Amino acid sequence: MGLSRESMGIKSVDCGLEIKKRKEEDKVIALAGNPNVGKSTVFNQLTGLNQHTGNWPGKTVANAQGWCTDGQQGYVMVDIPGCYSLMAHSTEEEVARDFICFENPDAVVVVCDATCLERNLNLVLQIMEATASVVLCVNLLDEAKKKKIFLHLDMLEQRLGVPVAGTAARSNKGLDQIYTGIKRCLEREVEEVGEKPALIQYPQYIEDAIARLLPVVEPKVNGKTEARWLCARLLDANENLMKAVKKYRKPVAESEEVTASLSEIWEEWKAAGISQEQVSDDMAAVFIKKAEFLCNGVVEYENQTYDRKDRKLDQLFTSKATGFPIMFLVLLGIFWITITGANYPSELISTVLFKIEGWLSRLADTVGVPFIISDLLIHGVYRVLAWVVAVMLPPMAIFFPLFTLLEDFGYLPRVAFNLDRCFKKCSACGKQALTM
Ligand SMILES: Nc1nc2c(ncn2[C@@H]2O[C@H](COP(=O)(O)OP(=O)(O)OP(=O)(O)O)[C@@H](O)[C@H]2O)c(=O)[nH]1
Ligand SMILES: [Mg+2]
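As the structure is a computational prediction, the values presented were derived from the model and not from experiment.

Calculation notes
Residues numbered from 1 in each chain as written. Chains lettered and ligands numbered in written order. Predicted model: local features only at pLDDT ≥ 70, side-chain atom pairs only at ≥ 80, totals over all residues. Heavy atoms only, no water. Core = buried A, V, L, I, M, F, W, Y, C linked by side-chain atoms within 4.5 Å. Buried < 20%, exposed > 50% of the residue type's maximum accessible area, 1.4 Å probe, protein only. Helix = DSSP H or I, 4+ residues; strand = E, 2+ residues; numbered from the N terminus. Domains from an automatic or database assignment. Contact = heavy atoms within 4.5 Å. Polar contact = N/O pair within 3.5 Å; in protein donor to acceptor, adjacent residues only side chain to side chain. Salt bridge = Lys/Arg side-chain N within 4 Å of Asp/Glu carboxyl O. pLDDT = per-residue confidence, 0-100. Phe/Tyr/Trp six-rings, centres within 6.5 Å; stacked < 30°, edge-to-face > 60°.

Novice: I'm lost on the nonpolar core in this one. Help?
Specialist: As a rule of thumb, nonpolar side chains are buried together in soluble globular proteins. Ranked by size, the top nonpolar core spans 74 residues in total, and within it Leu-117, Leu-121, Leu-136, Leu-156 and Leu-235 carry the most contacts. Looking at this core element by element, the count peaks at 8 residues for helix α3 (residues 117-130). In terms of domain composition, this core takes at least three residues from each of domain 1 (27-192) and domain 2 (204-301). Those residues in contact with Leu-121 that lie beyond four places of it in its chain are Leu-136, Leu-156, Leu-160, Ala-291, Leu-294 and Cys-295.

Novice: Help me out: how do you make sense of the side chain of Asn-240 in this one?
Specialist: Relative to the helices and strands, Asn-240 resides in helix α9 (residues 239-248). In terms of polar contacts, Asn-240 uses its side chain to reach the side chain of Arg-97, at 3.1 Å. In contact with Asn-240, not counting residues within four places along its chain, are Ala-88, Glu-94 and Arg-97.

Novice: Where do I start with the pattern of salt bridges in this structure?
Specialist: For side chains bearing opposite charge, pairing can occur when the charged atoms are close. A full pass over the atoms with the stated rule returns 15 salt bridges. The residue Lys-183 makes a salt bridge to Asp-70 at a minimum N-O spacing of 3.9 Å. Taken together, the residues span a long stretch of sequence, with Lys-183 in helix α6 (residues 175-192) and Asp-70 in the loop between β2 (64-69) and β3 (74-79) at a distance of 113 residues. Lys-183 sits in the partly exposed class, given a relative accessible area of 30%. For the salt bridge of Arg-414 with Asp-314, the shortest nitrogen-to-oxygen distance reads 2.8 Å. Remark: Asp-314 occurs in helix α13 (residues 308-318) and Arg-414 occurs in helix α16 (residues 411-425); sequence separation between them is 100 residues. By sharing partners, the salt bridges in this structure join Arg-212, Glu-264 and Glu-268 into a single network.

Novice: What's the story with the confidence of the model for the protein in this structure? I'm lost.
Specialist: One rule of thumb: low pLDDT means the predicted coordinates there are not for detailed reading. For the protein, the mean per-residue pLDDT works out to 89, and 94% of the residues sit at or above 70. Looking at the elements of the protein, mean pLDDT is at its lowest for helix α17 (residues 432-435), recorded as 80, and at its highest for strand β5 (residues 134-139), recorded as 98. Low confidence marks residues 1-14, where pLDDT is under 50. Its contacts with residues over four positions away, or in another chain, come to 34 contacts.

Novice: I would appreciate a short explanation of the packing of aromatic side chains in the present structure.
Specialist: Inspection of every chain in the model, using the stated rule, returns 11 aromatic pairs. Between Phe-317 and Tyr-411, the aromatic rings sit 5.0 Å apart at their centres with planes inclined by 80°, giving edge-to-face as the arrangement. You can see Phe-317 sitting in helix α13 and its partner Tyr-411 sitting in helix α16, a full 94 residues away along the chain. Look at Tyr-411 and you get buried, because its relative accessible area is 5%. The interplanar angle of 20° and the centroid separation of 6.0 Å between the aromatic rings of Phe-335 and Phe-399 together place this pair among those described as stacked. Here Phe-335 is found in helix α14 (residues 320-367), whereas its partner Phe-399 is found in helix α15 (residues 371-408), with 64 residues between them in sequence. According to the relative accessible area criterion, Phe-335 is partly exposed, its value standing at 45%. Taken together, the aromatic side chains of Phe-335, Phe-399, Phe-400 and Phe-403 make up a single cluster linked through ring pairs.

What follows is the structure in structure tokens.
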């Protein structure tokens, strides 16, 4: 039975997805994280569904839901698009941010790439600032092992203060830890609501401003965590996020008290020579430093130059001098192989299929099938089918395996990176090059 968000108590935010619980006590869990870290793979393994996965960022562009259970508790898992930050820069990132920040899921599982944990922790910290119920899922542990990167997840759990699960989702390893993590997270939420000290500490002048704003903002939102996060975001004044606040947290956006306090703070900052850019930079720096601190001692590299080969390939495939020429040659090569290479099997298939058409025609004459029927079926339906198969099948059989090879080698994200600037000029983004 499809139950509406209102009837099941889920806050009504239009993220294009109506949450469907099977039972009232089911919990809504968001699967968030950077692009291409295995969120949809985790989602598919847990729910038994088949969300699209592939080795390039930006495959998931809208929220998708699926139901699963650990045997006792039912969960509605929501696979959300990948994002690098809560300051969304694209529509998918907005969809992700709105679900995490304004849809109030019961918990957010943030999936991370174990091979570049520090970079991924930036988003983890941003989400932990926005919501109290977070589980960290460090995925791709098999890849990290291959690259001889070792992670002390217990230490990370201690430092972060949220449950951490280590997984290799593609081979279905460690996924039970996600359930354990969610359970611990939900139990703890009941015990400690509002008690935890803030994980992110901004420079003193920003902390003072947050302390001034908090009493005005807190009564208008859902709890302490969201209030502190929202105060920081109001001070940061990110244009895109402000639009979302206007849409989803009207009482805050329309409050004269909030506007007056904000103007007062900004006036004071202006008088002290503190610019808006400096505030944003100081805030961003806190997350980067915190991620660096958290990873120190948690991540160990047996081979310090483990990524030298990848960086050299990056240089070759994405630099101005070589990136574009190589990309054109590779793509041209693929199209040439596809079109020229397809001619031979096409010819062979059409010869065989048209020979069969001749046999079928003679057989129909021998058996005495009326001409109108044999003409319709053999020279009509069969011939069209034979043409389509002969013309379409060989290029597809050549193109898709080649495309998959490029995907597996990790070349496609580099194509997206190269084309990003051109696509941005058309108000699109580089990732769309892949679907094009
Ligand atoms: N080796 C390895 N590969 C994995 C693992 N989990 C996912 N992958 C692969 O990583 C790639 C990305 O997986 P997705 O599940 O599509 O990633 P996503 O985070 O949903 O990506 P977006 O929707 O684009 O943000 C796919 O090729 C997966 O097969 C894992 O644990 N180990
Ligand atoms: Mg996905």
